[in-house]
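Spelled out from the first residue to the last, the chains are:
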Amino acid sequence: MIKQEIREKLYQMQDLKYKKFHSSLCPNVDNIIGVQVPKLRELAKELSKGEFRKYLDLDDITFYEEKVIQGLLIGISKLSIEETKTYLEKFIPKIDSWAVCDVVCSSLKIANKYQDEMWDILEKYINSNEEFEIRFALVMYLDYYLNDNYIDKVIENIKKIKSHKYYVQMAIAWLLSISYIKQKEKTIAFLNNNDLDDFTYNKALQKIMESYRVSKEEKEIIKGMKRKLK
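For clarity, every value in this text was computed on a predicted model and none was experimentally measured. (Residues numbered from 1 in each chain as written. Predicted model: local features only at pLDDT ≥ 70, side-chain atom pairs only at ≥ 80, totals over all residues. Heavy atoms only, no water.)

## A closer look at the overall build of the protein
Next up, step 1: The helix and strand tally for the protein stands at 15 helices and zero strands.
Next up, step 2: In terms of C-alpha radius of gyration, the protein reaches 19 Å, essentially the compact-globule figure of 17 Å for 230 residues.
Next up, step 3: Taking all 230 residues of the protein together, the buried fraction comes to 52%.
Next up, step 4: A sequence separation of at least 24 residues applies to 71% of the contacts in the protein between residues at least 6 apart.
Next up, step 5: Summed over all atoms, the accessible surface of the protein reaches about 12400 Å², with 49% contributed by carbon and sulfur.
Next up, step 6: A distance of 4 Å separates the average location of the 39 positive side-chain charges in the protein from that of its 36 negative side-chain charges. (Helix = DSSP H or I, 4+ residues; strand = E, 2+ residues; numbered from the N terminus. Rg over C-alpha atoms; globule rule 2.2 N^0.38 Å. Buried < 20%, exposed > 50% of the residue type's maximum accessible area, 1.4 Å probe, protein only. Contact = heavy atoms within 4.5 Å. Areas by Shrake-Rupley, 256 points an atom, 1.4 Å probe, with all protein chains shown as cover. Lys, Arg positive; Asp, Glu negative; His and termini not counted. Charge placed at Lys NZ, Arg CZ, Asp CG, Glu CD.)

## Brief notes about the pattern of salt bridges
Next up, step 1: Across all of its chains, the model carries 13 salt bridges by this definition.
Next up, step 2: A salt bridge links Arg7 to Glu66, with the nearest nitrogen and oxygen atoms 2.7 Å apart. Separated by 59 residues along the polypeptide, Arg7 in helix H1 (residues 2–12) and Glu66 in helix H5 (residues 64–76) bring together distant segments of the chain. The exposure classification of Arg7 matches that of Glu66, with both residues buried. (Salt bridge = Lys/Arg side-chain N within 4 Å of Asp/Glu carboxyl O.)

## Notes on the side chain of Gln183
Next up, step 1: Its location among the elements puts Gln183 in the loop between helix H12 (166–182) and helix H13 (184–191).
Next up, step 2: Given the relative accessible area of 12%, Gln183 is considered buried.
Next up, step 3: Within the local environment of Gln183, its side chain forms a polar contact with the side chain of Asp148, the two groups lying 3.1 Å apart.
Next up, step 4: Aside from chain neighbours lying at most four places away, what touches Gln183 is Leu146, Asn147, Asp148 and Ile151. (Polar contact = N/O pair within 3.5 Å; in protein donor to acceptor, adjacent residues only side chain to side chain.)

## Digging into a negative patch on the surface
Next up, step 1: A surface patch of like charges, here negative, comprises Glu82, Asp116, Glu117 and Asp120.
Next up, step 2: A total of three residues in the negative patch trace back to one element, the largest contributor, which is helix H9 (residues 115–126).
Next up, step 3: Residue placement: Asp120 occurs in helix H9. (Patch = residues over 30% accessible without salt bridge, like charges linked within 9 Å, V, L, I, M, F, W, Y side chains within 5 Å.)

## Structural notes on the side chain of Arg7
Next up, step 1: On the basis of relative accessibility, which here comes to 17%, the residue Arg7 falls in the buried class.
Next up, step 2: Discounting residues that sit within four places of it in the chain, Arg7 has contacts with Thr62, Phe63 and Glu66.

## Side note on the packing of aromatic side chains
Next up, step 1: The final tally for this structure, using the stated rule, is eleven aromatic pairs.
Next up, step 2: Between Trp119 and Tyr150, the aromatic rings sit 5.0 Å apart at their centres with planes inclined by 40°, giving tilted as the arrangement. One end of the pair, Trp119, is in helix H9; the other, Tyr150, is in the loop between helix H10 (131–144) and helix H11 (151–160), with 31 residues separating them in the sequence.
Next up, step 3: Trp119 gets classed as buried once you look at its relative accessible area, which sits at 6%.
Next up, step 4: Exposure remark for Tyr150: the relative accessible area of 5% places this residue in the buried category.
Next up, step 5: One aromatic cluster in this structure is built from Trp119, Tyr141, Tyr145 and Tyr150.
Next up, step 6: Over the face of the ring belonging to Tyr201 we find Arg227, whose NZ or CZ atom lies 3.9 Å from the ring centre. (Phe/Tyr/Trp six-rings, centres within 6.5 Å; stacked < 30°, edge-to-face > 60°. Lys NZ or Arg CZ within 6 Å of the ring centre and 35° of its normal.)

## What about H13?
Next up, step 1: Restricting attention to buried positions, one finds in H13 the residues Thr187, Phe190 and Leu191. For H13, the angular spread of the buried residues around the axis is 100°, confining them to a single face.
Next up, step 2: The inward-facing, buried residues of H13 contact H11, H12 and helix H14 (198–210). (Arc of directions from axis to C-beta.)

## Some details on the nonpolar core
Next up, step 1: In this structure, Met118, Phe136, Leu138 and Tyr145 are the most contacted members of the largest nonpolar core, which totals 84 residues.
Next up, step 2: Examining the composition of this core, we find that ten residues originate from one element, H10, more than from any other.
Next up, step 3: Excluding its chain neighbours within four sequence positions, the residues that come into contact with Leu138 are Ile126, Ile158, Ile161, Val168, Ala171, Ile172 and Leu175. (Core = buried A, V, L, I, M, F, W, Y, C linked by side-chain atoms within 4.5 Å.)

## Some words on the state of the cysteines
Next up, step 1: According to the stated counting rule, one finds zero disulfides in the structure shown.
Next up, step 2: Left unpaired, Cys26 is separated from the closest cysteine sulfur, that of Cys101, by 12 Å.
Next up, step 3: Classification of Cys26 as buried rests on a relative accessible area of 2%.
Next up, step 4: The structure places no disulfide on Cys105, whose sulfur is separated from the nearest cysteine sulfur, that of Cys101, by 4.2 Å. (Disulfide = S-S within 2.5 Å.)

In short, shape yes, function no, at least from these values alone.
In structure tokens:
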């Protein structure tokens with residue numbers, strides 16, 4: 001019953017113009033109802049006050065918004081780190097787009113409190129062969145692990161990734177651009193000596209140059225580091 005109730009609420013909040021726009025950002029994803037993320041957060045917050053575990057226990061959800069709500073519930077509900085791990089193990093294989101991945105990662109604030117425990121959970125996914133499982137780990141690094149205690153481990157794990165999947169490459173580039181802001185010295189050292197493919201490397205430089213937090217002088221230096229593609 002709860003699945004049908006939530007689905008009806010989602011259709012009541014449907015915005016067809018937003019559906020068209022968001023669908024254009026998520027190629028190969030054809031299960032979008034068309035509900036903006038702030039409204040999904042509000043609905044997840046409402047659900048978290050009740051018997052939210054019933055919704056987390058559902059395996060047969062199909063729509064993008066339903067997946068986002070499940071992921072948000074894992075992040076915002078009062079779960080122990082053990083419960084969080086259990087639910088993430090069920091949820092992460094359902095991720096089929098960058099949008100589900102990134103929205104859910106931003107809600108998993110428990111990683112701030114349980115850094116070591118969450119890191120151990122992420123090890124499984126950074127070593128996965130699945131595109132969005134790897135991206136999940138990378139975006140979690142970006143959101144919670146670009147600090148002095150973990151930056152070396154983050155860089156070492158980037159070195160291990162051999163996937164050339166687009167959303168993995170883009171996540172690495174995004175991660176390095178934020179790492180440049182927060183951990184400049186170690187990020188520059190990595191950029192000066194790495195085995196990244198040309199697309200990912202140049203995309204990382206591009207994202208650094210697009211940042212308003214990088215000076216014009218620095219951007220000129222970064223621009224000069226760009227690889228010429230054959």
